[in-house]
Protein chains: 2
Amino acid sequence: MESSSAASGGSTRREATRQKLYEAAVTLIAEQGFSATTVDEIAERAGVAKGTVYYNFASKSVLFEELLRHGVGLLTASLREAAERTARDGGGKVDALDAMVRAGLVFIDRYPSFTQLYVAELWRTNRAWQSTLMVVRQQAVAVVEGVLREGVESGEFSDEIDVPLTAAALVGMVLVAALDWKSFQPERSLDDVHAALSRLLQGRVSGRH
Amino acid sequence: MESSSAASGGSTRREATRQKLYEAAVTLIAEQGFSATTVDEIAERAGVAKGTVYYNFASKSVLFEELLRHGVGLLTASLREAAERTARDGGGKVDALDAMVRAGLVFIDRYPSFTQLYVAELWRTNRAWQSTLMVVRQQAVAVVEGVLREGVESGEFSDEIDVPLTAAALVGMVLVAALDWKSFQPERSLDDVHAALSRLLQGRVSGRH
DNA sequence: TCTTTTGAACTGACTGGTCAGTGCAAAAGT
DNA sequence: ACTTTTGCACTGACCAGTCAGTTCAAAAGA
């Protein structure tokens, strides 16, 4: 027992295989969707035998669910880190929001396929992994909601804002802008995109230059 | 001869069948995704034999593509109408944007399944209907971009804003907020949601009450 | 008015193919 | 020694698309 001990690479052979499978699955499912992606394809792209997939995961949907948890774990960690960093540096809640927007962009820049897949599955109903998806969504949105709530308490934000809805809207803003960036103008720099969103976020849209 | 003449209601038997198939397909595909939805299911929900589906549409994906075109047609018409109405009423571009946000919410309120399905498929790559989707996306976003551009020209918006990206971000804001509304707090009123988004849009988030 | 014909619309059993998941003996890795 | 991976044949369910046949309302004919 105690297979994946080491805090270091954390690389048992098994761990490495699972990682390869995640990477293969994420791009294929992002492109084609869950149902249209076959286990044979995933195995082939990972350079692994089909049996290995079933040795490592109980089923195709379990592989997918663990992939979801894994990916959202990375995202929430990154968001939380961004919020805490600005707090340490004595920034206000607006700065925290801005830092989280950037963290979101960095994440999407690094894992575009995961983002694609996440958005594509999030609002579906009647699916096997529905509950996993809800949990995972709540984790991510909760970080944003937390910052908004603190901002309201400290008086930095109006207490009339609707915290859950505003959080969702902010997440949506970043998500859709970033997916469009990656899909339709991939040559643009992250700083560029971030600047445009900051401007929108801080209401510096109206009024001349 | 001359069976389907009348320009009137346009309600041939065929037309009615196609409409039933659209309605059945849109909810099923929104729930399960395109690949996971079978033609048998669509036919059954529409109360029609499987052969009828193929009598009316060349294939499953053609049915889907026509469904997309049909739905986005309704959306763009509604957005355009909202923008023009505010222009007639002597409103500024901010009012136009606000009216379009509301029009978007009304649309999503009326056709939640279509919206779900649209978001789920929009950023996929390597799919048969990819080009249809691009055309249809551009139609919708172009309306928002148009209003932003006019606002920049008239000096109402800063000329530093990035029109395509800001348009995408605005669409995303409404889309995600509305889907969350429908999925997680369906009891809230449209006016309520609209008010929250207006506040965000007009930068009335920071600052006390 | 009544009968016959026409053809668009629809039906549902059937086909050919695909795919998730299994089983297992042998090999490779640690 | 024991864990992990391989390779590959196999099964049973499921599904897109087909097609020979049915329905029926309206047009043509008598």
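Residues numbered from 1 in each chain as written. Chains lettered and ligands numbered in written order. Predicted model: local features only at pLDDT ≥ 70, side-chain atom pairs only at ≥ 80, totals over all residues.

- The name given to chain A in an unreviewed UniProt entry is TetR/AcrR family transcriptional regulator, and the organism recorded there is Streptomyces lanatus.

1. Notes on the overall build of chain A
Consideration 1: Assigned secondary structure in chain A consists of nine helices and zero strands.
Consideration 2: Traced from its N-terminal end to its C-terminal end, chain A shows the element sequence α-α-α-α-α-α-α-α-α.
Consideration 3: In terms of principal-axis extent, the alpha carbons of chain A reach across some 60 × 40 × 35 Å.
Consideration 4: Out of the 209 residues in chain A, the part that is buried amounts to 39%.
Consideration 5: Taking contacts inside chain A between residues at least 6 apart in sequence as the whole, the part at least 24 apart equals 62%. (Helix = DSSP H or I, 4+ residues; strand = E, 2+ residues; numbered from the N terminus. Buried ≥ 20, exposed ≤ 12 C-beta atoms within 10 Å, placed from the backbone. Contact = placed C-beta atoms within 7 Å.)

2. Brief notes about the protein's contact with DNA strand D
Consideration 1: Neighbouring residues of DNA strand D: 19 residues in total, closest A:Thr17, A:Gly51, A:Thr52, B:Thr38 and B:Gly51.
Consideration 2: The greatest single-element share of the surface near DNA strand D, amounting to five residues, is contributed by helix α3 (residues 50-56) of chain A.
Consideration 3: Its residues assigned to classes, the surface near DNA strand D shows five nonpolar, eight polar and six charged. (Near = placed C-beta within 6 Å. Nonpolar A, V, L, I, M, F, W, Y, C, P; charged D, E, K, R; others polar.)

3. Focus on the interface of chain B and chain A
Interfaces are often described in size by the accessible area the parts lose on coming together.
Consideration 1: At the interface, 49 residues of chain B touch 50 residues of chain A.
Consideration 2: Those elements that place two or more of their residues in the side of chain B that touches chain A are α1 (13-32), α6 (112-122), α8 (163-184) and α9 (190-201) of chain B.
Consideration 3: Broken down by element, the residue count for the side of chain B that touches chain A peaks at 14 residues, all from α8(B).
Consideration 4: Looking at side-chain class alone, the side of chain B that touches chain A contains 23 nonpolar, 16 polar and ten charged residues.

4. Some thoughts on α9(B)
Spacing of three or four residues puts side chains on the same side of an α-helix, whose turn is 3.6 residues.
Consideration 1: Under the 1.5 Å per step criterion, the end-to-end length of α9(B) is 16 Å for twelve residues, consistent within 8% with the ideal 16 Å.
Consideration 2: Those residues of α9(B) that sit buried are B:Val193, B:Ala196, B:Leu197, B:Leu200 and B:Leu201. Buried residues of α9(B), seen end-on, are gathered within an arc of 135 degrees and therefore sit on one face of the element.
Consideration 3: Contact partners of the buried residues in α9(B): α8 (163-184) of chain A together with α5 (93-110) and α8 of chain B.
Consideration 4: B:Gly203 lies just past α9(B) and shows a positive phi near 60 degrees. (Expected span 1.5 Å × (residues − 1). Arc of directions from axis to C-beta.)

5. Structural notes on the relation of the copies chain B and chain A
Consideration 1: The two copies are related by a screw operation: chain B maps onto chain A through 180 degrees of rotation and 0.1 Å of translation along the axis, at an RMSD of 0.2 Å. Such a combination of turn and shift is consistent with a two-fold rotation axis.
Consideration 2: Here 100% of the contact residues of chain B are again contact residues in chain A; the copies associate through an equivalent surface. (Least-squares fit on C-alpha atoms with pLDDT ≥ 70 in both.)

6. Considerations on the protein's contact with DNA strand C
Consideration 1: Near DNA strand C, the surroundings consist of 21 residues, among which A:Thr38, A:Lys60, B:Ala49, B:Gly51 and B:Thr52 are the closest.
Consideration 2: Those elements giving two or more residues to the surface near DNA strand C turn out to be α2 (39-46) and α3 of chain A together with α1 and α3 (50-56) of chain B.
Consideration 3: For the surface near DNA strand C, the element with the most residues is α3(B), which contributes five residues.
Consideration 4: Of the residues in the surface near DNA strand C, the class split is five nonpolar, nine polar and seven charged.

7. A word on the packing of α1(B) against helix α4 (residues 60-88) of chain B
All names here are of chain B.
Consideration 1: Running from N to C, α1 and α4 cross one another at 95 degrees; their axes reach a closest spacing of 10 Å. Classified by the angle between their axes, α1 and α4 sit roughly perpendicular to one another. Taking contact as the criterion, the partners of Leu-21, Tyr-22, Ala-25, Val-26 and Ile-29 in α1 are, on α4, Leu-63, Phe-64, Leu-67 and His-70.
Consideration 2: Across the contact of α1 with α4, the residue classes break down as eight nonpolar, one polar and no charged. (Axes fitted to C-alpha atoms, helices over the stretch in contact; angles between N-to-C directions. Parallel < 35°, antiparallel > 145°, perpendicular 65-115°, else oblique.)

8. Remarks on the domain arrangement of chain A
Residues and elements named next belong to chain A.
Consideration 1: Considered domain by domain, chain A is made up of domain 1 (11-57) and domain 2 (64-201).
Consideration 2: Averaged C-alpha coordinates put domain 1 and domain 2 at centres separated by 27 Å.
Consideration 3: Facing nine residues of domain 1, the contacting portion of domain 2 comprises nine residues.
Consideration 4: Of the residues that constitute the side of domain 1 that touches domain 2, the class distribution is seven nonpolar, two polar and no charged. (Domains from an automatic or database assignment.)

9. Overview of the nonpolar core
Consideration 1: Within the largest apolar cluster, 128 residues are counted, with the highest numbers of intra-cluster contacts made by A:Met100, A:Ala177, B:Met100 and B:Ala177.
Consideration 2: Residues in contact with A:Ala177, not counting those within four places in the same chain, are A:Val193, A:Leu197, B:Leu165, B:Ala168, B:Ala169 and B:Gly172. (Core = buried A, V, L, I, M, F, W, Y, C linked by C-beta atoms within 7 Å.)

10. Digging into helix α1 (residues 13-32) of chain A
All names here are of chain A.
Consideration 1: If you check α1, its first and last C-alpha atoms are 29 Å apart, about what 20 residues at 1.5 Å a residue would give, namely 28 Å.
Consideration 2: Of the residues making up α1, those classed as buried are Arg-18, Leu-21, Ala-24, Ala-25, Val-26, Leu-28, Ile-29 and Ala-30.
Consideration 3: Tucked into the core, α1 has its buried residues touching α2, α3, α4 (60-88) and α6 (112-122).
Consideration 4: Phi for Gly-33, located one or two positions after α1, is positive at around 95 degrees.

11. Describing the UniProt feature "domain: HTH tetR-type" (unreviewed entry) in chain A
Consideration 1: Mapped onto this numbering, the UniProt entry gives "domain: HTH tetR-type" (unreviewed entry) at residues 15-75 of chain A.
Consideration 2: Between the C-alpha atoms that bound residues 15-75 of chain A there is a distance of 20 Å. The span itself is 80% helix and 0% strand. (UniProt positions renumbered as here; feature names shortened; annotations may be inferred.)

12. Side note on the environment of A:Asp98
Residues and elements named next belong to chain A.
Consideration 1: Mapped onto the fold, Asp-98 is located in helix α5 (residues 93-110).
Consideration 2: For Asp-98, a count of 19 C-beta atoms within 10 Å puts it in the partly exposed group.
Consideration 3: Each C-alpha atom of the pair Asp-98 and Leu-197 lies 8.8 Å from the other, and the pair is 99 residues apart in sequence.
Consideration 4: With residues near it in sequence (within four places) discarded, Asp-98 still touches Ser-198 and Leu-201.

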